[in-house]
Amino acid sequence: MSAGYEYEASGEARCVPRRADAPAVPPLPPESPRVSIVIPAKNEARNLPWVLDNLPGCLHEVVLVDGGSVDDTIAVAHKQRPDIVIVEQTRRGKGNALACGFAACTGEVIVMLDADGSAHPGEISNFLRALTSGADFAKGSRFLAGGGSSDLTWLRAAGNGFLSFLANRLYRTSYTDLSNCQILWM
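In what follows, the accompanying structure is described. Since we're looking at a predicted model, the values are computed, not measured. (Residues numbered from 1 in each chain as written. Predicted model: local features only at pLDDT ≥ 70, side-chain atom pairs only at ≥ 80, totals over all residues. Heavy atoms only, no water.)

## Things to note about helix H4 (residues 124-132)
The following threshold applies: Only protein chains enter the accessibility calculation, which uses a 1.4 Å probe; a residue whose area is less than 20% of its type maximum is buried, one above 50% is exposed, and one in between is partly exposed. Helix numbering and strand numbering both begin at the N terminus, where a helix is a DSSP run of H or I of at least 4 residues and a strand a DSSP run of E of at least 2. Along the arc lie the directions from the helix axis toward the C-beta atoms.
Listed as buried for H4 are Ile124, Ser125, Phe127, Leu128 and Leu131. Down the axis of H4, the buried set is contained in an arc of 160 degrees. They therefore lie on one face. Positive phi appears at glycine 134, one or two residues downstream of H4, with a value of about 120 degrees.

Structure, rendered in structure tokens:
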């Protein structure tokens, strides 16, 4: 495999040249399951270049679900990543956007990633390691060491805290962030 290209083999990731000016992001290991990325987006033309350029190499597919953008979201997505799959959202809301994206995925692992850049795409390898080590799913948190968010208002933090508390009580879990969209599962 040459630097700057994803690998291609039967049933594995497609070989798509990375743009010459894209940052160097390590590819996923060749033995990884096929990874599909779902990115719900509405008017995210400004943020998409950073998000798409920081995805690891050797992905099976990237699916952008457009929620009726009126900016250049789709054009920017195609420019940054010519192999991107564009899906139109069928109803309103992020839940519907994710459902539309999931329906379009053909990979063995699905990654949900926000288009606003609130989660670093380079962390996908860490989550994938958890899955291939036996976890049913892996979830990010802005509230653990090394996490954070510049756009988390006190009201959103309070709502997330309440929902996390409720889910943890009901399901005997210990989640710290139910609103973070970087989740993987097989």
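Right, picking up where we left off after that structure.
## Quick word on the pattern of salt bridges
How we decide: The salt bridge criterion pairs a side-chain nitrogen of Lys or Arg with a carboxyl oxygen of Asp or Glu, the two atoms within 4 Å.
Tallied over the entire structure, the rule returns 3 salt bridges. Two residues, aspartate 83 and arginine 81, come together in a salt bridge whose shortest N-O distance is 3.0 Å. Exposure remark for arginine 81: the relative accessible area of 7% places this residue in the buried category. The shortest N-O distance in the salt bridge between lysine 94 and aspartate 114 comes to 2.8 Å.

## Details of the environment of alanine 97
If you trace the backbone, alanine 97 turns up in helix H3 (residues 94-104). Sequence separation between alanine 97 and valine 87 is 10 residues, and the spatial gap between their C-alpha atoms is 8.9 Å.

## With respect to the environment of threonine 106
Going by this rule: By definition, residues are in contact when any of their heavy atoms lie within 4.5 Å. Here a polar contact is recorded for every N or O atom pair within 3.5 Å, except that within protein the pair must consist of a potential hydrogen donor and a potential acceptor, and residues adjacent in sequence are included only if both atoms are side-chain atoms.
Relative to the helices and strands, threonine 106 is located in the loop between H3 and strand E4 (109-112). A relative accessible area of 43% places threonine 106 in the partly exposed class. Distance from threonine 106 to arginine 34, taken between C-alpha atoms, is 8.2 Å for residues 72 residues apart in sequence. Beyond its immediate sequence surroundings of up to four residues, threonine 106 is in contact with Arg34, Ser36, His60 and Glu61. Of the polar contacts made by the side chain of threonine 106, one reaches the side chain of histidine 60; its length is 2.6 Å.

## Considerations on the pairing of E4
To keep it simple, the criterion reads: Note on pairing: two strands pair once DSSP finds at least 2 bridges between them.
Of the two faces of E4, the one lined by Val109 and Val111 and the one lined by Ile110 and Met112 are each fully buried. For strand E1 (residues 35-41) and E4, the ladder comprises 4 bridges, and the chain directions are parallel. Paired with valine 38 across the two strands is methionine 112, which belongs to E4.

## Concerning H3
Residues Asn96, Ala97, Leu98, Cys100 and Gly101 constitute the buried set of H3. Packing partners of the buried residues in H3 comprise E1, strand E2 (61-66), strand E3 (85-88) and E4.

## Focus on the nonpolar core
Filter applied, for reference: In this text, buried Ala, Val, Leu, Ile, Met, Phe, Trp, Tyr and Cys residues form a nonpolar core when linked through side-chain atoms within 4.5 Å.
Core analysis: the largest hydrophobic core is formed by 25 residues, its most contacted members being Val35, Ile37, Ile39, Leu48, Leu52, Leu55 and Val62. Looking at this core, the elements with two or more residues in it are E1, helix H1 (48-53), E2, helix H2 (73-80), E4 and H4. Residue contributions to this core peak at 4 residues, all from E1. Apart from residues no more than four positions distant in its own chain, isoleucine 39 is found in contact with Leu48, Val51, Leu52, Val62, Val63, Leu64, Val65, Leu113, Asp114 and Ala115. In this structure, Val63, Leu98, Cys100 and Met112 belong to the second largest nonpolar core, which totals 10 residues.

## A word on unusual backbone geometry
Positive phi is not limited to glycine here, since asparagine 43 has a value of about 55 degrees. Checked against the element boundaries, asparagine 43 lands in the loop between E1 and H1. What makes asparagine 43 partly exposed here is its relative accessible area of 34%. Notably, cysteine 58 is not glycine yet its phi reads approximately 65 degrees, a positive angle. By secondary structure assignment, the location of cysteine 58 is in the loop between H1 and E2. Look at cysteine 58 and you get buried, because its relative accessible area is 4%.

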